[in-house]
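Descriptive structure summary
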Amino acid sequence: DTGVSQDPRHKITKRGQNVTFRCDPISEHNRLYWYRQTLGQGPEFLTYFQNEAQLEKSRLLSDRFSAERPKGSFSTLEIQRTEQGDSAMYLCASSIRTGEGYTFGSGTRLTVV
Amino acid sequence: QKEVEQDPGPLSVPEGAIVSLNCTYSNSAFQYFMWYRQYSRKGPELLMYTYSSGNKEDGRFTAQVDKSSKYISLFIRDSQPSDSATYLCAMSGSNSGGYQKVTFGTGTKLQVIP
């Protein structure tokens, strides 16, 4: 499979619980991005990795959110103490160069109840 | 004011019609312009990618960029029911050196009626 893989596809969690999502980018892409998309809105940038280095974080990314990309391969996005406002589609994308077209995964849909 | 404005629609057209989708933007630094297609409950898929002003054609799709008016368009000829999706415009600044994040519009929902 040469696409971007995200796991799980869906996650339902109770408010206050921690959740972790995984993204496996296209193998030759050293740039990886996390976006969040709510219903009727376009994707909003969360964070960017070049190899294992996290080079930019949006102010949307509160201290409850943390992302890692150990060894510059797969990435994880963790949300601690989830809130109902965290309910959204979390999209991962990868690319060879920044600012140009990304390849997105199918996303992880999070529902906080 | 948002950096990128896009009419959310929905836009309904009969099969075979020419579809015109548009975005306006306010950031003069944007140089790269993209159109993504997103089916329900899927991630966005890159359709067209252009640099600076001008036209680009790919099959039934044509992208136009007018930087002087800060206006971009996507035209779909001979629209098909399978084109029914949400179309997102996206844009970014120069990517030489540092990172330039891609900013998306809200998306226009298109329905092509058989």
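Look up: the structure comes first, before these words.
A short tour of the structure in this document, coming up.

Each value, and the rule that gives it
Residues numbered from 1 in each chain as written. Chains lettered and ligands numbered in written order. Predicted model: local features only at pLDDT ≥ 70, side-chain atom pairs only at ≥ 80, totals over all residues. Heavy atoms only, no water. Pairing = 2+ DSSP bridges. Helix = DSSP H or I, 4+ residues; strand = E, 2+ residues; numbered from the N terminus. Axes fitted to C-alpha atoms, helices over the stretch in contact; angles between N-to-C directions. Contact = heavy atoms within 4.5 Å. Buried area = accessible area lost by both parts, 1.4 Å probe. Polar contact = N/O pair within 3.5 Å; in protein donor to acceptor, adjacent residues only side chain to side chain.

1. As for the sheet that holds strand 8 (residues 71-76) of chain B
Residues and elements named next belong to chain B.
- Strands sit in the order 1-3-8-7-6 across an open sheet of five strands; the sheet is antiparallel. At either margin of the open sheet sits one strand with a lone partner, and together these are strand 1 (4-6) and strand 6 (54-58). The average undirected angle you get between the axes of adjacent strands in this sheet is 15°.

2. Observations concerning the sheet that holds strand 3 (residues 19-24) of chain A
All names here are of chain A.
- Here four strands make up an open sheet; going across it, the order is 1-3-8-7 and the pairing antiparallel. Either end of the sheet is taken by a strand with one partner, and the two such strands are strand 1 (5-7) and strand 7 (65-68). Going from strand to strand, the sheet's axes swing by 15° on average, the running direction of each strand aside.
- Inspection of the sheet shows strand 1 paired to strand 3 by three bridges, in the antiparallel sense. Within strand 3, the residue paired with Ser5 across the bridge is Asp24.

3. Some points on the interface of chain B and chain A
- In this assembly, 22 residues from chain B lie in contact with 23 residues from chain A.
- Summed over both sides, the interface of chain B with chain A buries roughly 1,800 Å², with 51% coming from carbon and sulfur.
- Counting the contacts that link chain B with chain A gives five residue pairs in polar contact (both at pLDDT 80 or more).
- Mapped by element, the contributors of at least two residues to the side of chain B that touches chain A are strand 4 (32-38), strand 5 (45-51) and strand 9 (85-92) of chain B.

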